[in-house]
Amino acid sequence: MRSASVFSLRVAVAALALAAAGCSTVSDGMGAMKSAVTPSGGSTSSAPTAAAPVRPPPPVYATPVNPATQRAFDRAIAQASPELGGPHANLGVIYRQAGKVDDSVREFETAVKLSPRQPIYLNQLGIAYRQQGQFAKARDAYQRALAEDPGYAAAMLNLGILYDLYLGDTQRALEQYARYLSLLPNGDPTVSKWVADLKNRKPGQPITVSRQEKP
């Protein structure tokens, strides 16, 4: 069964490579995944063969992959190797960019189920839950990410934003922002403005400085 899965995966990768020749993937992780499933060289014949002439590698272009092609690639890998969380995480990003929040949540949940100690997937799941309006679940996902990696700045910042804008907990928001800033030797002027805005905000006063989560 495993050899059949690997064969199916290689066929899917070959077909998609023809469709997206010369293109890069959505994320660096997918590039590594493509390398992992590429068959190694070597001849099955026992007779010696002449060495092939050395040729320079073809140029690599940074043209973005068509989202539909990338989605098909990720689905092919997820089907051929269902134990991998990475393809589901990539699908989660693609669905989020397309505005399909529920699909994004489903894929990130699957990625976390397959790799429960991967803080990157947990942080992404937290963002997806926040977009879905499930703020308590978003908080738990960020906290789990930080439990796995206490110095994970993105999850720390996103938890601060969650407390600040969605849970209405000023004190905890300031604590998370302070922890985030302590990780950066040169500081972060944008987040420093958020801190000043939060400290000076009166109850019921509208937010004057926008926030942006870190994926």
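Residues numbered from 1 in each chain as written. Predicted model: local features only at pLDDT ≥ 70, side-chain atom pairs only at ≥ 80, totals over all residues. Heavy atoms only, no water.

S.K.: Lay out the overall build of the chain in plain terms, naming residues and giving numbers.
M.R.: Scanning the chain from N- to C-terminus turns up ten helices and two strands. Looking at the chain residue by residue over its 215 residues, the buried ones come to 37%. Of the contacts made within the chain by residues no fewer than 6 positions apart, 54% connect residues no fewer than 24 positions apart. Carbon and sulfur atoms form 56% of the exposed surface of the chain, whose accessible area is close to 12,700 Å². (Helix = DSSP H or I, 4+ residues; strand = E, 2+ residues; numbered from the N terminus. Buried < 20%, exposed > 50% of the residue type's maximum accessible area, 1.4 Å probe, protein only. Contact = heavy atoms within 4.5 Å. Areas by Shrake-Rupley, 256 points an atom, 1.4 Å probe, with all protein chains shown as cover.)

S.K.: Please provide a residue-by-residue account of the environment of Gln-118, values included.
M.R.: Along the chain, the position of Gln-118 falls in the loop between α5 (101-114) and α6 (119-132). Look at Gln-118 and you get partly exposed, because its relative accessible area is 28%. It is 7.4 Å that separates the C-alpha atoms of Gln-118 and Ala-145, two residues lying 27 residues apart in sequence.

S.K.: Go over the packing of helix α4 (residues 86-97) against α6 with me, naming the residues and quoting the values.
M.R.: In helix packing, the relevant descriptors are the interaxial angle and the interaxial distance, both defined with respect to the helix axes. Relative orientation of the contacting elements α4 and α6 amounts to 30 degrees, with a least axis distance of 11 Å. In terms of orientation, α4 lies roughly parallel with respect to α6. Considering how the two elements wind past one another, α4 and α6 form a crossing that is left-handed. Where α4 abuts α6, its residues Gly-86, Ala-89, Val-93 and Arg-96 lie against Tyr-121, Gln-124, Ile-127 and Gln-131. By residue class, the composition of the contact of α4 with α6 is four nonpolar, three polar and one charged. (Axes fitted to C-alpha atoms, helices over the stretch in contact; angles between N-to-C directions. Parallel < 35°, antiparallel > 145°, perpendicular 65-115°, else oblique. Left-handed = near helix turned anticlockwise from the far one by under 90°. Nonpolar A, V, L, I, M, F, W, Y, C, P; charged D, E, K, R; others polar.)

S.K.: Let's hear about the confidence of the model for the chain: which residues, and what values?
M.R.: Looking at the chain, pLDDT values average 76 and 62% of them are 70 or higher. Model confidence for the chain, summarised as mean pLDDT per element, is weakest for strand β1 (residues 23-24) at 37 and strongest for helix α7 (residues 135-148) at 98. In this model residues 1-48 is a low-confidence stretch, pLDDT under 50, and it forms 46 contacts with partners more than four residues away in sequence or in other chains. Between residues 58-63, whose pLDDT stays under 50, and residues either more than four places distant or in other chains, the model counts six contacts. (pLDDT = per-residue confidence, 0-100.)

S.K.: Talk me through α7; I want residue IDs and the actual numbers.
M.R.: Residue pairs three or four apart in sequence face the same way in an α-helix, which turns once every 3.6 residues. Over its 14 residues, α7 extends 20 Å from the first C-alpha to the last, a length consistent with the 20 Å expected when each residue adds 1.5 Å. Check the buried side of α7 and you find it contacts α6, α8 (153-166) and α9 (170-182). (Expected span 1.5 Å × (residues − 1).)

S.K.: Would you mind going over the pattern of salt bridges in detail, with residue names and values included?
M.R.: One pass over the structure, following the stated rule, counts ten salt bridges. Salt-bridge contacts for Asp-103 lead to Arg-106; the nearest nitrogen and oxygen are separated by 2.7 Å. With a gap of three residues between them, Asp-103 and Arg-106 both fall in helix α5, about one helical turn apart. Its relative accessible area of 39% is what places Arg-106 among the partly exposed residues. Residues joined by salt bridges that share partners form a network here, namely Asp-164, Asp-197, Arg-201 and Arg-211. (Salt bridge = Lys/Arg side-chain N within 4 Å of Asp/Glu carboxyl O.)

S.K.: Break down the packing of aromatic side chains for me, citing the residues and quoting the values.
M.R.: The geometry of an aromatic ring pair is captured by the separation of the ring centres together with the interplanar angle, meaning the angle of the planes. Applying the stated criterion across every chain, the model contains two aromatic pairs. Between Phe-135 and Tyr-166 the ring centres are 5.1 Å apart and the planes differ by 35 degrees, which places this aromatic pair in the tilted class. Taken together, the residues span a long stretch of sequence, with Phe-135 in helix α7 and Tyr-166 in helix α8 at a distance of 31 residues. (Phe/Tyr/Trp six-rings, centres within 6.5 Å; stacked < 30°, edge-to-face > 60°.)

S.K.: Quick one: what's the story with the packing of α6 against α7, residue by residue and with numbers?
M.R.: For the pair α6 and α7, interaxial distance at closest approach is 8 Å and the crossing angle is 165 degrees. Judged by the angle between their axes, α6 and α7 are roughly antiparallel. Pair α6 / α7 crosses with left-handed handedness. Of the residues in α7, those touching α6 at Pro-119, Leu-122, Asn-123, Leu-125, Gly-126, Ile-127, Tyr-129 and Arg-130 are Phe-135, Lys-137, Ala-138, Ala-141, Tyr-142, Arg-144, Ala-145 and Glu-148.

S.K.: Let's hear about the nonpolar core: which residues, and what values?
M.R.: Ranked by size, the top nonpolar core spans 34 residues in total, and within it Leu-157 and Tyr-177 carry the most contacts. Contributing elements (two or more residues each) for this core: α4, α5, α6, α7, α8, α9 and α10 (189-200). For this core, the leading source of residues is α8, giving eight residues. Those residues in contact with Leu-157 that lie beyond four places of it in its chain are Tyr-177, Tyr-180, Val-191, Trp-194, Gln-212 and Lys-214. (Core = buried A, V, L, I, M, F, W, Y, C linked by side-chain atoms within 4.5 Å.)

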